[in-house]
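# Observations on chain architecture
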Amino acid sequence: MKKKLLAILMITALAASVLAGCGSKEDEKNNGSQSEAGAAGEDKEDAGTEDKEGTADDGSQEDPDQTEKAEGAEAAGDGETFRIGVIQLAEHPALDASYEGFMEGLKEAGFEDGKNLTVDYQNAQGDQSNCLTIAEKFVNDGVDLILAIATPAAQAAASKTTEIPILVTAVTDPASSGLVESNDAPGGNVSGTSDLTPVKEQITLLHELLPEAKTVGVLYCSAEDNSKFQADLAMEALDSLGMTGEEYTFSTLDEIQAVVDSMKGKVDAIYAPTDNKVAEGMATVSMLATEAGLAVIGGESGMVDNGALATFGLSYFNLGKLTAAQAAAILKGEAETATTPIGYLEAADCEFSYNEETAGALGISIDASKYE
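Report follows, based on the coordinates. (Residues numbered from 1 in each chain as written. Predicted model: local features only at pLDDT ≥ 70, side-chain atom pairs only at ≥ 80, totals over all residues. Heavy atoms only, no water.)

Let's shift gears to the overall build of the chain. Scanning the chain for helices and strands turns up 13 helices and eleven strands. Split into buried and exposed, the 372 residues of the chain put 43% on the buried side. In the chain, once contacts between residues fewer than 6 apart in sequence are set aside, the share between residues at least 24 apart is 72%. Within the structure as shown, the chain displays about 19100 Å² of accessible surface, and the carbon and sulfur contribution to it stands at 49%. (Helix = DSSP H or I, 4+ residues; strand = E, 2+ residues; numbered from the N terminus. Buried < 20%, exposed > 50% of the residue type's maximum accessible area, 1.4 Å probe, protein only. Contact = heavy atoms within 4.5 Å. Areas by Shrake-Rupley, 256 points an atom, 1.4 Å probe, with all protein chains shown as cover.)

Below you can see the structure in the form of structure tokens.
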């Protein structure tokens, strides 16, 4: 009996022990689950905090890239970038100098290509149809301003837009060329500077250097309105000094040699105004004229560089700088083309120059100090 009771007690103790172990493991499991849930809750809360920190006040999500772009845009707003399209009719010293002066003037005014300015320079190589194509490109590109160097380039630009500001240079008389209502009050989207040369002073120079000259051939391209304007002034000046003027015109460079040859034996000297085609062909003109013993008085110093005897002319570099001052005022919003008068260089900006080699070939002695 005692043995049976002892066995029962042992079995009971063993069962209690097993139940206690099971309870411990369950408690451990429950406690572990609660710990994991608490950790997950803390993570979720932290994540929620991070989400709130990444959310703008209006509830939208902030994009770091957009923030950087906004800061960059704000910095860029300190200085606007402008675009200028340049149409130059052809390559020759006077027009090249105008462009160089324009760029230098812009730089001095605080506008520099590659920084706050983008300049698209295009040369039409003397072709009017190229001028039109270039002008149309600039209009389509939506440039802020167009610079047109020489009359045909200016006329092409003006024919393509009445909205984009156009500044012209190396144009003798914008009004007579139909570019502006008047040189004093342009009235539209075109203004700029004139290269009206001191024609009377140039004819006076011809008379002083060539006192024996009685008949002077006035050479120019009939296709250029401004050349005709200067030719008329030259004819008046020649008449006032007791000389006779004879007009010799051509329409293309292919004709220039024949026209100069036709002057031989008929004139005593040649006067060439600031005509783009004459400037292009001056090397040929001067060679033929010098061979015939004829001196050429040119409208600008580039012609002298290419063989003309002498000139008293404008500095096209300074003319370009004058145009740049107008451009800077327009880009800054300080001026408008409609109320910006056509600009002219002062007499002090005119320069005497002569070609020593040509003078020697013609046997002419020149005292340059007289014109300094």
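Read on for the rest.
Moving on, we get to the pattern of salt bridges. One pass over the structure, following the stated rule, counts nine salt bridges. The residue glutamate 136 makes a salt bridge to lysine 160 at a minimum N-O spacing of 3.8 Å. Here lysine 160 lies in helix H5 (residues 151-160) and glutamate 136 lies in helix H4 (residues 128-141), a separation of 24 residues in the sequence. Of the residues examined, glutamate 136 reaches a relative accessible area of 40% and is grouped as partly exposed. Across the pair glutamate 247 and lysine 228 runs a salt bridge, and its minimum N-O distance is 3.4 Å. With glutamate 247 in strand S7 (residues 244-250) and lysine 228 in helix H7 (residues 225-240), this pair connects stretches of sequence that are 19 residues apart. Using a relative accessible area of 32% as the deciding quantity, one classes glutamate 247 as partly exposed. For lysine 228, a relative accessible area of 34% gives the class partly exposed. (Salt bridge = Lys/Arg side-chain N within 4 Å of Asp/Glu carboxyl O.)

Before going further, it helps to examine empty space enclosed by the protein. Applying the stated criterion across every chain yields a total of one cavity of 30 Å³ or more. By volume, the largest cavity amounts to about 90 Å³. In terms of lining, the largest cavity is formed by 18 residues, of which the most central are Ala170, Asp195, Thr274, Asp275 and Asn276. Those elements that place two or more of their residues in the lining of the largest cavity are helix H3 (93-108), strand S4 (166-171), H7 and helix H9 (276-280). (1 Å grid on protein atoms, 1.4 Å probe; cavity = no way out; pocket = protein on both sides within 12 Å on 5 of 7 lines; lining within 4 Å. Points joined across faces, edges and corners; volume = space filled by probe spheres on them.)

To continue, consider the layout of surface pockets. Considering only enclosed or pocket space, the largest pocket measures out at about 190 Å³ in volume. Around the largest pocket sit 13 residues that line it, and Gln128, Pro152, Ala223, Glu224 and Lys277 are the ones nearest its centre. A total of three residues in the lining of the largest pocket trace back to one element, the largest contributor, which is H5. Taken together, the residues of the lining of the largest pocket break down into four nonpolar, five polar and four charged. (Nonpolar A, V, L, I, M, F, W, Y, C, P; charged D, E, K, R; others polar.)

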